[in-house]
Amino acid sequence: MFGPRSPTLIFLAPVTLPAKTIPVDNTYREVVVHHNREFQRYAVENGVYFAPVDDDEVERLQYMHEVFNLMFDNRLIFPPIPHPRRILECGSGSGSWALEVAEQHPECEVIGIDVYPYPTVDGLPPNLDLQVDDLNSPFTFASNYFDLVHSRMMAGGIHANRWQSYMTDILRVLRPGGWCQMVELYANVQSDNGTLTANHALQVWSQSYMQSMQPYKDPRAPLRLQNWMTQAGFVEVESRLLTLPLSGWSNDPQSNALGEANRPNVHRLLSSLAVYPFTQRLGMTIADVQLLVAQARSEADNPSFKVIC
């Protein structure tokens, strides 16, 4: 989903460079352990993010990045920006997208923001700057600064009452004619042939996940992005709804390859996104969570269900 900034909404604040990078506050580095998974203390205590931040999750994020690359034919940037000068990624995670963009556009300044200082590979490109901040707070970047703002998989990180001001912040920091590109996953698992019912583990997991996110998060935010962008003042907003297979069940070679690539991500996601919110917010025992996850994984792998999200 993307839209150029409206030329009628030009902010006249002078364009200045972002503030000089300062050391990461140790508050953002502190972790707590729940059922053998590491979570950022700041994130869980402030309702920012309920997924782990450990090595297993970093590996999962890489799998998901590869799935998106396959899904989008290795296109990292959708809008027509042949020579971007400055790009901001909101929710950079382990930095996979920002790293590839920085490598492909060495003359472009790329900034990635995430609430947790994820470990990164050595030798990052000199044009890449990974910063730590809570995107639920107002942006501190100069107005009219970026050619592109990329926001991906932020439904689990943006507060439910923050989305409208989040869109406004993005609009403000974009230069006139700049673009916003958003990718979100609606976690309502279904079957392509209608065989998955409300009693199946995958549907129970989906409904439990959406329940556990509220009221902190809006699990249906992916369905509302177009309206929010339009309300914020973006123009030429285009929305595309794509289906993502959870495993390799399709007879179509391309779709089957996408499902096969997504399988290891799904197996990890079903556990990592459930451990904290299901036990701490829904009151489930870890044994019940593990059983539900095991059953959901089995259903996701079952080609007869033709599972998609």
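Because the structure is predicted, anything quoted here is derived from the model rather than measured.

Rules used in this analysis
- Residues numbered from 1 in each chain as written.
- Predicted model: local features only at pLDDT ≥ 70, side-chain atom pairs only at ≥ 80, totals over all residues.
- Heavy atoms only, no water.
- Disulfide = S-S within 2.5 Å.
- Buried < 20%, exposed > 50% of the residue type's maximum accessible area, 1.4 Å probe, protein only.
- Helix = DSSP H or I, 4+ residues; strand = E, 2+ residues; numbered from the N terminus.
- Polar contact = N/O pair within 3.5 Å; in protein donor to acceptor, adjacent residues only side chain to side chain.
- Contact = heavy atoms within 4.5 Å.
- Salt bridge = Lys/Arg side-chain N within 4 Å of Asp/Glu carboxyl O.
- pLDDT = per-residue confidence, 0-100.
- Expected span 1.5 Å × (residues − 1).
- Bend = angle between axes of the 7 residues up to and from the residue.
- Phe/Tyr/Trp six-rings, centres within 6.5 Å; stacked < 30°, edge-to-face > 60°.
- Lys NZ or Arg CZ within 6 Å of the ring centre and 35° of its normal.
- Core = buried A, V, L, I, M, F, W, Y, C linked by side-chain atoms within 4.5 Å.
- Pairing = 2+ DSSP bridges.
- Right-handed = clockwise from strand over helix to strand, strands pointing away.

A.B. asks: Please explain the state of the cysteines as it appears in this structure.
C.D. replies: Throughout this description, disulfide means a covalent bond between two cysteine sulfur atoms. Taken as a whole and assessed by the stated rule, the structure comprises zero disulfides. Distance from the sulfur of Cys-108, which forms no disulfide, to the nearest cysteine sulfur (Cys-90) is 14 Å. For Cys-180, which is in no disulfide, the shortest distance to another cysteine sulfur is to Cys-90 and amounts to 7.8 Å. For Cys-180, a relative accessible area of 0% translates into the label buried.

A.B. asks: How do you make sense of the side chain of Gln-40 when you look at a structure like this?
C.D. replies: Along the chain, the position of Gln-40 falls in strand E3 (residues 37–40). Looking at Gln-40, its side chain comes within polar contact range of the main-chain oxygen of Val-115, at 2.7 Å. Discounting residues that sit within four places of it in the chain, Gln-40 has contacts with Tyr-28, Glu-30, Val-31, Val-53, Val-115, Tyr-116 and Pro-117.

A.B. asks: Explain helix H3 (residues 96–104) to me, please; I cannot follow it from the model alone.
C.D. replies: The periodicity of an α-helix, 3.6 residues per turn, causes residues three or four positions apart to be oriented the same way. Restricting attention to buried positions, one finds in H3 the residues Ser-96, Trp-97, Ala-98, Leu-99, Val-101 and Ala-102. Its buried side turned inward, H3 meets helix H2 (55–71), strand E4 (86–90), strand E5 (109–114), strand E6 (128–132), strand E7 (146–152) and strand E8 (174–183).

A.B. asks: What's the story with the pattern of salt bridges in this structure? I'm lost.
C.D. replies: Pairs can form between side chains of opposite charge once their charged atoms are near each other. Under the criterion given, the structure shown has twelve salt bridges. A salt bridge links Glu-59 to Arg-268; the nearest nitrogen and oxygen atoms lie 3.4 Å apart. Separated by 209 residues along the polypeptide, Glu-59 in helix H2 and Arg-268 in helix H7 (residues 253–272) bring together distant segments of the chain. Note that Arg-240 is salt-bridged to Glu-238, the shortest N-O span being 2.6 Å.

A.B. asks: Can you walk me through the confidence of the model for the protein chain in this structure?
C.D. replies: The predicted structure's coordinates, where accompanied by low pLDDT, should not be read in detail. Averaged over all residues, the pLDDT of the protein chain is 91; the fraction at 70 or higher stands at 92%. Contacts from residues 4–22, a stretch scored under 50 in pLDDT, to residues over four places away or in other chains number 43 contacts.

A.B. asks: Could you clarify how one ought to interpret the side chain of Ser-212 in this entry?
C.D. replies: Residue position: Ser-212 is located in helix H5 (residues 201–213). A residue is classified by how much of its surface remains accessible, and Ser-212, at 0% relative accessible area, is buried. Residues in contact with Ser-212, not counting those within four places in the same chain, are Pro-277, Phe-278, Arg-281 and Leu-282.

A.B. asks: Would you take a moment to explain H7 for this structure?
C.D. replies: Helix length check: H7, at 20 residues, gives a terminal C-alpha distance of 29 Å against a target of 28 Å (1.5 Å per residue), a fit within 8%. If you look at H7, its biggest bend is around 35 degrees, right at Arg-263, and the proline Pro-264 turns up within four residues after that. Buried residues of H7: Leu-258, Gly-259, Asn-262, Asn-265, Val-266, His-267, Leu-269, Leu-270, Ser-271 and Ser-272, and no others. On its buried face, H7 sits against E3, H2, H5, helix H8 (275–281) and helix H9 (286–301).

A.B. asks: Is there a simple way to explain the packing of aromatic side chains in this structure?
C.D. replies: Between two aromatic rings, the relevant description is the distance of the centres plus the angle of the planes. Within the structure shown, the criterion is met by 14 aromatic pairs. For the pair Phe-39 and Tyr-276, a centre-to-centre distance of 5.5 Å together with 50 degrees between the ring planes defines the contact as tilted. One end of the pair, Phe-39, is in strand E3; the other, Tyr-276, is in helix H8, with 237 residues separating them in the sequence. Tyr-276 carries the same exposure label as Phe-39, and that label is buried. With 5.1 Å between their ring centres and 85 degrees between their planes, Tyr-116 and Tyr-118 make a pair best called edge-to-face. For the pair shown, Tyr-116 and Tyr-118 are each scored as buried. Three or more aromatic residues link up through ring pairs in this structure, and these residues are Phe-39, Phe-50, Tyr-216 and Tyr-276. Positioned above the aromatic ring of Tyr-145, the side-chain terminus of Arg-86 is 4.3 Å from the ring centre.

A.B. asks: Before we go on, may I ask you to explain the nonpolar core in this structure?
C.D. replies: In a soluble, globular protein the nonpolar side chains are often hidden away together inside. With 38 residues, the main nonpolar core has Leu-202, Trp-205, Tyr-209, Leu-246, Leu-270 and Phe-278 as its most contacted residues. Breaking this core down by element, the ones donating at least two residues are H2, H5, H7, H8 and H9. Leave out the neighbours within four places in its chain, and Leu-202 touches Val-189, Leu-196, Leu-246, Leu-270, Ala-296, Glu-299, Ala-300 and Val-307. Among the nonpolar cores identified, the runner-up in size contains 29 residues, and Cys-90, Phe-139, Cys-180 and Trp-228 belong to it.

A.B. asks: Honestly, the pairing of E8 in this entry has me stumped. Any pointers?
C.D. replies: Side-chain positions along a regular strand alternate between the two faces of the sheet. Taken across its ten residues, E8 has seven buried, putting it largely inside the fold. Two strands pair when backbone bridges link them, and E7 and E8 are joined in this way by six bridges, in the parallel orientation. Within E8, the residue paired with Arg-152 across the bridge is Val-183. On the question of chirality, the crossover connecting E7 to the parallel E8 by way of helix H4 (residues 163–173) is right-handed.

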